[in-house]
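# Architecture and fold: a report
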Amino acid sequence: MHRIDPEQGIRRFYSLMIERHLFGTMRLVLNWGRIGTNGQELVEIFLDDLAAGEALEGAVKLA
């Protein structure tokens, strides 16, 4: 996802994904920042894919 508003100087990106960790846990990986930079990353770990999916849906509502 991205948000661009030239009038306000806003050029941001958002990336959200769920991935399975090597040991079977699920990871929700969130990346965000200014377009053209590496941005920031937050990783949350969950025991199952259902919990990770619910967290992803909650994060999408905030973005």
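The structure reproduced in this document is the subject of the present report. (Residues numbered from 1 in each chain as written. Predicted model: local features only at pLDDT ≥ 70, side-chain atom pairs only at ≥ 80, totals over all residues. Heavy atoms only, no water.)

## A look at the sheet that holds strand 1 (residues 2–5)
Our working rule: Pairs of strands are assigned from DSSP output, requiring at least two bridges between the strands. Only DSSP runs of H or I covering at least 4 residues are called helices, and only runs of E covering at least 2 are called strands; the numbering of each starts at the N terminus. Note on geometry: axes are C-alpha line fits, over the in-contact stretch for helices, and angles between N-to-C directions span 0 to 180 degrees.
If you trace the four strands from one edge of the open sheet to the other, you get 1-2-3-4, paired in antiparallel fashion. Across the chains shown, the open sheet's two edge strands, defined by having one partner strand only, are strand 1 and strand 4 (40–46). Neighbouring strand axes in the sheet, compared pairwise and without regard to direction, differ in orientation by 10 degrees on average. In this sheet, strand 3 (residues 26–34) lies alongside strand 2 (residues 10–20) in antiparallel orientation, the contact comprising nine bridges. Residue pairing across strands places I18 opposite L28, the latter belonging to strand 3.

## Describing the side chain of N31
Stated precisely, the cut-off is as follows: Any residue under 20% of the maximum accessible area for its type is buried, any over 50% is exposed, and the rest in between are partly exposed; the area is computed with a 1.4 Å probe on protein chains only. The contact rule is simple, with two residues in contact once any of their heavy atoms fall within 4.5 Å.
In this structure, N31 sits in strand 3. The class for N31 is buried, based on a relative accessible area of 18%. Each residue touching N31, except ones within four places of it in the same chain, is listed here: F13, Y14, S15, Q40 and E41.

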